Every structure is written in C-alpha cells, then in structure tokens.
Amino acid sequence: MTVWLVGAGPGDPGLITAKGLDLVRSCEALVYDVLVAPELVAEAPEDALLIPRAKIRQSELNDLLVDLGRRASKSCA
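Residues numbered from 1 in each chain as written. Predicted model: local features only at pLDDT ≥ 70, side-chain atom pairs only at ≥ 80, totals over all residues. Heavy atoms only, no water.

Caption draft 1: The overall build of the protein, seen in detail. Scanning the protein from N- to C-terminus turns up 3 helices and 2 strands. Its C-alpha radius of gyration of 12 Å places the protein within 12% of the 11 Å reference for a compact globule of 77 residues. Each of the three principal axes of the protein carries a C-alpha extent, and together these read 35 × 25 × 20 Å. When the 77 residues of the protein are sorted by exposure, 25% land in the buried category. Contacts spanning at least 24 positions in sequence make up 34% of the contacts within the protein whose residues lie at least 6 apart. Only carbon and sulfur atoms are counted for the fraction: they give 56% of the accessible area of the protein, which is about 5600 Å². Here the protein carries 8 positive and 11 negative side-chain charges, and the mean point of each set is 9 Å from the other. (Helix = DSSP H or I, 4+ residues; strand = E, 2+ residues; numbered from the N terminus. Rg over C-alpha atoms; globule rule 2.2 N^0.38 Å. Buried < 20%, exposed > 50% of the residue type's maximum accessible area, 1.4 Å probe, protein only. Contact = heavy atoms within 4.5 Å. Areas by Shrake-Rupley, 256 points an atom, 1.4 Å probe, with all protein chains shown as cover. Lys, Arg positive; Asp, Glu negative; His and termini not counted. Charge placed at Lys NZ, Arg CZ, Asp CG, Glu CD.)

Caption draft 2: Region of interest: the environment of A48. Along the chain, A48 falls in the loop between α2 (38-41) and β2 (49-52). Distance from A48 to P38, taken between C-alpha atoms, is 15 Å for residues 10 residues apart in sequence. In this structure A48 touches C27 and E28, once residues within four positions along its chain are discounted.

Caption draft 3: Molecular detail of the pattern of salt bridges. A full pass over the atoms with the stated rule returns 3 salt bridges. A salt bridge links R25 to E43, with the nearest nitrogen and oxygen atoms 2.8 Å apart. Taken as a pair, R25 in helix α1 (residues 18-25) and E43 in the loop between α2 and β2 lie far apart in primary sequence, 18 residues in all. You can call R25 partly exposed: its relative accessible area is 42%. Where E60 meets R57, a salt bridge forms, and the shortest distance between an N and an O atom there is 3.9 Å. (Salt bridge = Lys/Arg side-chain N within 4 Å of Asp/Glu carboxyl O.)

Caption draft 4: Quick look at the environment of L68. Tracing the backbone shows L68 in helix α3 (residues 58-76). A relative accessible area of 12% means that L68 is categorised as buried. Sequence separation of L68 and G7 is 61 residues, and the distance between their C-alpha atoms is 19 Å.

And the structure:
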C-alpha cells in the first residue's frame, strides 16, 4: 500500500485537487485534522478507517502512518 499525504487547501472543500479527491475517495484509511472540511471526510469510502488527528502528537502520527502502511502491505502480500 502507498501512504499519501494530501493537502486539503485552506479549508474550502472546493479547492482540493482532483488527484487529492480521487485519493480520498479510494482510501482504505483516512487520518485527518480539524482543518479538513467534513464534506471531504464524507468522500471517503464507507468502509474506510477514519481517524481524526485531533489529539495525536506528531511522533505518534508518524508511527500510526507507518503502521497503517505496513498492515496494508502485509494483507496484500
């Protein structure tokens, strides 16, 4: 699995790039912060794991992203 970092722009869901929106719509897991518009989070697939970043420190976030990528890679092998 590939882990992507997608910038959602300045909060306006209409300003995300086409590629970013495609990635959100096809993700298996979405880690997002409070600046991401709820309309964008709602674009994730119904079965996607949604993780709000609100109380996750940066070091924990880094570990989480690596863990998610590794777990998906093992399930695809």
